[in-house]
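Spelled out from the first residue to the last, the chains are:
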Amino acid sequence: MNKKKGFGRFLSNVWRFKALIFMAIPGMIWMIFFFYIPVFANVVAFKNFHISPDGFLASLRDSPWVGFENFKFLFSSDQAFLITKNTVLYNLSFITLNLIISVVFAIIMSELRNKRLVKVYQTMSLLPYFLSWVIIGYFVYAFLSPDRGIINQWIVGNGGTAINWYNDPKYWPFILVLIGTWKGIGYNSIIYFASVMGIDPTYYEAAMVDGASKWQQIKNVTIPQLVPLMSILTILAVGNIFRADFGLFYNVPRNSGSLYEVTQVLDTYIFNGLTATGDFGMTAAAGLYQSVVGFVLLMVANAIARRFDSESALF
């Protein structure tokens, strides 16, 4: 009887929210076909995968099991530590810089009284986000080209020696962090700007009555109000810490082998391994490694954030 009541309540809720459910159906179908069904293909990571002319399912069935051999090959490679270190350190840099600069830029925009200027600045900061990495790669090459690059022409014009940027790894950690932050700063700052504009003005009025300076208002009103959003975006970013931006690390340094020491990350390693060797099992193992570690880190970051929020509530 209780089951019937529960099922009837379920049908009642479905009928009540039928418009919302209907709107969600395209997204649900997209998620199922492009996220959940491909999960079953992770079995390739445990097989010595060979392509069969009879199709993917036949290839999956006929390929022999190798257990964790693909993972063993990945971690026994001398590149495993390097690509993991590069991926994690670059993403930590992006998370930290994007968080700090985006919040600062959003607060500055919120303090401007000329709304037309705010729109101009926001549009200018957002434009790089919509540029593809291919275009940005050519844009960077225009500056760093060994023979015709703007920077080398300036160096030579001032009596210096031209730098072969695409053969010298020491400059690229700074270049990649700068470009990656520059591209994403506009999008992230708009999210924080919307949150700042949604803060109740009475908080600022009360602070001004108490004689708080502008910096004290920002420190004691604005930033605490942004902390929940900062936590959510940081948790989401930590979940992707093992997923580097392929376009940034492949197109901007032009996949130069001389720069692999500082530009090779998990995503480019998987792509280069697949195109060079055609070893689907090894590349699938690397991709599964990314997903599992990213999921674990996401759960850990979420648990830490919940603990921090609960401890903050006690005070």
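Check the entry above for the structure.
Now for a description of the structure that goes with this document. (Residues numbered from 1 in each chain as written. Predicted model: local features only at pLDDT ≥ 70, side-chain atom pairs only at ≥ 80, totals over all residues. Heavy atoms only, no water.)

**With respect to the packing of helix α7 (residues 133-144) against helix α8 (residues 150-157)**
Point 1. Relative to each other, α7 and α8 sit at 10°, their axes nearing to 4 Å. Between α7 and α8, the angle is such that the two are roughly parallel. Contacts between α7 and α8 involve A142, F143 and L144 on the former and, on the latter, I150, I151 and N152.
Point 2. Here the residues of the contact of α7 with α8 are counted per class, giving 5 nonpolar, 1 polar and no charged. (Axes fitted to C-alpha atoms, helices over the stretch in contact; angles between N-to-C directions. Helix = DSSP H or I, 4+ residues; strand = E, 2+ residues; numbered from the N terminus. Parallel < 35°, antiparallel > 145°, perpendicular 65-115°, else oblique. Contact = heavy atoms within 4.5 Å. Nonpolar A, V, L, I, M, F, W, Y, C, P; charged D, E, K, R; others polar.)

**Focus: the side chain of S110**
Point 1. Structurally, S110 is set in helix α5 (residues 80-111).
Point 2. Looking at S110, its side chain comes within polar contact range of the main-chain oxygen of I107, at 2.6 Å.
Point 3. Discounting residues that sit within four places of it in the chain, S110 has contacts with F193, V196 and M197. (Polar contact = N/O pair within 3.5 Å; in protein donor to acceptor, adjacent residues only side chain to side chain.)

**With respect to the layout of surface pockets**
Point 1. Computed from the structure, the largest pocket encloses a volume of approximately 810 Å³.
Point 2. Taken together, 26 residues form the lining of the largest pocket, with F94, N98, G184, N188 and A237 sitting closest to its centre.
Point 3. Counting only elements with at least two residues in the lining of the largest pocket, the list comes to α5, α9 (172-197), α11 (214-239) and α12 (246-251).
Point 4. Per-element accounting of the lining of the largest pocket gives the leading share, 8 residues, to α9.
Point 5. Taken as a whole, the second largest pocket holds about 360 Å³ of empty space.
Point 6. For the second largest pocket, the lining is made up of 16 residues, of which S110, E111, R113, P201 and Y204 are closest to its centre. (1 Å grid on protein atoms, 1.4 Å probe; cavity = no way out; pocket = protein on both sides within 12 Å on 5 of 7 lines; lining within 4 Å. Points joined across faces, edges and corners; volume = space filled by probe spheres on them.)

**So, the environment of H50**
Point 1. Inspection of the secondary structure assignment puts H50 in the loop between α2 (18-36) and α3 (56-62).
Point 2. The sequence separation of H50 and D279 amounts to 229 residues, and the corresponding C-alpha distance is 8.5 Å.
Point 3. Those residues within four positions of H50 in sequence are excluded, and the remaining contacts are S59, S63 and P64.
Point 4. Polar contacts involving the side chain of H50 include one to the side chain of N48, which spans 3.4 Å.

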